[in-house]
Each structure stands twice: as structure tokens, then as C-alpha cells.
Amino acid sequence: MMDKTYESAAAAVADIEDGASIAVGGFGLCGNPMALIEALLAQGTTDLSIVSNNCGVDDWGLGVLLAARRIRKMTSSYVGENKDFERQFLGGDLEVELTPQGTLAEKLRAGGSGVAAFFTPTGVGTQMADGGLPLRYDGAGGIAEASEAKEVRPFTIRGRTRDYVLEESIVTDFALVHAALGDRHGNLVFNKSARNFNPLAAMAGTICIAQVERLVEPGEIDADAIHLPGVFVHRVVEVGGAIEKRIERRTVTESEGK
């Protein structure tokens, strides 16, 4: 019987070498594969090229790898909650490829689907399309490396002609994702907003490693309830439901009468 389970997060990430590219699931601090990230930190892997919606915060999510100077390049859509990210980027120690959020999602999905590239109107008329967006600073306020111009072509859709920019899809060496439920065949179910970016990151990884809170036997998950089929998942690690889950920005409503 096909069994994709590993005994530990450390065993599952053991062959991720220095210089690897990794798509990592999560949206803010929701759905972060922390057990896998911490295992990668513990084994000392460095010079990583990470594709993820954001880079966590200073002491959580991908921020722990960033703080240890293990990340060489980040491809992200939002980076505003991590002060160390700002310091490393402006200091010339980190290469950053900023990508519109929807475009990033489609680049991952398309890569996992075997689509090499696609045209989108998002970014037309900006540095995203025209080039010149800072990728790496020189540490003294200057730009050491900037993005190149991308192909722009007009298309007519629903009777409207406008320009679209060509975006190449993303395929990475590995993917690290978190799911609420999984089976030994790698079929996964995500919890609410943790579904954001986790399935897409999983699709883009040549080898996808999933940490799951609860592991069940094949057939126990209703086929209609599966969010990501096991064909995209290669390794599964059960981490339990008691793992720490942080809130990025806690907001509460004051009680009446106060």
C-alpha cells in the first residue's frame, strides 16, 4: 500500500540542501508549516530561495529562518510585518522579488499545472512590467540589481482591448505546507483561511512535504471533502493538534459599559 508518512519533520526535510528553492504555504501567520520550518532551521540548511506570500514576523513563521540568515531570496507579495526583513533588504543582504498577490497565486498554480507562463493585466504600466523594480540594494542606499522589463501584448477580451504582461510560472525544488487533516496517500484538507496559498505552494513543489494535525487512513476522508489530492503531495508528517498557533495582530472589542 502506498504510504507517504514520515516519522518526524526532521526526517521529512533531511534532503533539502543548501541553495534549494522552496514554496511555503501560509497567509500571515495562518497555516504556517512551523514544524517543518523549525526542522529546516535545526539542520542548518542555508542560501534558500523562498516563495511565499509573506515572510512571517521577526520570531515566527519564515521569520525564524530569516533571522538566522538562512534565506538568500524571497519572492513574496506582502512583507510589511517583519522588521528584520526590512533591515536585510535595505542592507543588501536579501534579494526580494515583490509580486502582486493574485499574480503570485497564479504563478504557483500554473507551475503546478504544467503551464509555463500566462498573460495578466495586473502590473501593466508599473515597474512590475516596465522593469526597474529594486531586487537587491547595495547597502548604501543604491540599487545593486533591478528587475528587467517583461513582454507586454494587447489582447481583446469581451470586446475590450488592453495590454497584458507576461508572467512566468513558478516551480520549486520543494514545498512545505500545513493541513488540518491528511491521509497516508497525501490527500489533504485545510482549515478555513489556512487554505490560502497552502494548496498552491504544494502544487508548485517538485517534492511537497505536508505537516498535518491529524492523520487518518486512506478512504476516511470523503472524496468530495479533499482540498488537495495526494498526487501533489509526496511526504506527510503528523504533528498533532496541540501545536502552537499564533495570531499576527490580535484585535478585540471592548465590553459594553467600559
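Everything here concerns the structure above.
Residues numbered from 1 in each chain as written. Predicted model: local features only at pLDDT ≥ 70, side-chain atom pairs only at ≥ 80, totals over all residues. Heavy atoms only, no water.

Draft legend 1. Molecular detail of the sheet that holds strand 8 (residues 152–157). Spatial strand order, 5-9-8: three strands in an open sheet with antiparallel pairing. Each of the sheet's edge strands pairs with one partner strand only, and the pair in question is strand 5 (117–120) and strand 8. Strand-to-strand twist of the sheet, defined as the mean angle between neighbouring strand axes without regard to direction, takes the value 40°. Where strand 5 lies against strand 9 (residues 160–168), four bridges are found, and the strand directions are antiparallel. Bridge pairing in strand 9 links A117 to E168. Sheet strands in contact with helix 5 (residues 101–113) are strand 5 and strand 9, and its direction is about 155° off that of strand 5. (Pairing = 2+ DSSP bridges. Helix = DSSP H or I, 4+ residues; strand = E, 2+ residues; numbered from the N terminus. Axes fitted to C-alpha atoms, helices over the stretch in contact; angles between N-to-C directions. Contact = heavy atoms within 4.5 Å.)

Draft legend 2. Representation of the pairing of strand 7 (residues 143–146) within the structure. The pairing of strand 6 (residues 134–137) with strand 7 spans three bridges and is antiparallel. Following the sheet pairing, P134 is matched in strand 7 by A146. The hairpin turn running from strand 6 into strand 7, its antiparallel successor, is five residues long, and G139 in that turn takes a positive phi close to 90°.

Draft legend 3. Unusual backbone geometry, seen in detail. Non-glycine residue D47 carries a positive phi angle of around 60°. Among the structural elements, D47 can be located in the loop between helix 2 (34–43) and strand 2 (48–51).

Draft legend 4. How the structure looks around the nonpolar core. Core analysis: the biggest nonpolar cluster contains 33 residues, and I16 and I22 have the highest contact counts within it. Residue assignment for this core shows that the elements contributing at least two residues are helix 1 (9–13), strand 1 (21–24), helix 2, strand 2, helix 3 (63–67), strand 3 (71–76), helix 4 (83–90) and strand 10 (172–183). No other element matches helix 2, which puts five residues into this core. Those residues within four positions of I22 in sequence are excluded, and the remaining contacts are I16, L40, L48, S49, I50, V51, T172, F174, A175 and L176. The next biggest cluster of nonpolar side chains, apart from the first, holds 23 residues, and it includes A23, V51, L104 and A179. (Core = buried A, V, L, I, M, F, W, Y, C linked by side-chain atoms within 4.5 Å. Buried < 20%, exposed > 50% of the residue type's maximum accessible area, 1.4 Å probe, protein only.)

Draft legend 5. Region of interest: helix 2. Along helix 2, the residues that are buried comprise M34, L36, I37, A39 and L40. Residues of helix 2 that are buried sit in contact with helix 1, strand 1, strand 2, helix 3, strand 10 and strand 12 (205–216). Within two residues after helix 2, G44 carries a phi angle of roughly 90°, on the positive side.

Draft legend 6. Inspection of the pattern of salt bridges at higher detail. Following the criterion strictly, the structure yields 16 salt bridges and no others. Taking the shortest distance from any N to any O, the salt bridge between E167 and K150 comes out at 2.9 Å. One end of the pair, E167, is in strand 9; the other, K150, is in the loop between strand 7 and strand 8, with 17 residues separating them in the sequence. Judged by relative accessible area, K150 falls into the partly exposed class, the value being 26%. Between R246 and E244 there is a salt bridge, with its nearest N and O atoms 2.9 Å apart. Overall, R246 belongs to the partly exposed group, its relative accessible area being 31%. (Salt bridge = Lys/Arg side-chain N within 4 Å of Asp/Glu carboxyl O.)

Draft legend 7. Region of the structure containing the environment of G112. Tracing the sequence through the fold places G112 in helix 5. Residue classification places G112 among the partly exposed positions, given a relative accessible area of 21%. Through-space distance from the C-alpha of G112 to that of K150 is 22 Å; in sequence the pair is 38 residues apart. Excluding residues that lie within four positions of it along the chain, G112 makes contacts with I170, M203, A204 and F232.

Draft legend 8. A look at the pairing of strand 2. What you see with strand 2 is no split at all: L48 and I50 on one side and S49 and V51 on the other are buried throughout. Relative to strand 2, strand 1 runs parallel, the two being bridged by three bridges. Residue I22 lies in a different strand from strand 2, and its bridge partner there is I50. The β-α-β motif built from strand 1, the intervening helix 2 and the parallel element strand 2 has right-handed crossover chirality. Note that strand 2 and strand 3 share four bridges and pair parallel. Counterpart to V51 in the pairing with strand 3 is T75. (Right-handed = clockwise from strand over helix to strand, strands pointing away.)

Draft legend 9. The arrangement of helix 4 in detail. Of all the residues in helix 4, the buried ones are D84, F85, Q88 and F89. Taken around the axis of helix 4, the buried residues stretch over an arc of 130°, which confines them to a single face. Looking at the buried positions of helix 4, the neighbouring elements they touch are helix 3, strand 3, strand 4 (95–98) and strand 6. Of the residues that open helix 4, the one with a side-chain oxygen 3.0 Å from the backbone nitrogen of D84 is N82. G92 sits one or two positions beyond helix 4 and adopts a positive phi of about 85°. (Arc of directions from axis to C-beta. Polar contact = N/O pair within 3.5 Å; in protein donor to acceptor, adjacent residues only side chain to side chain.)

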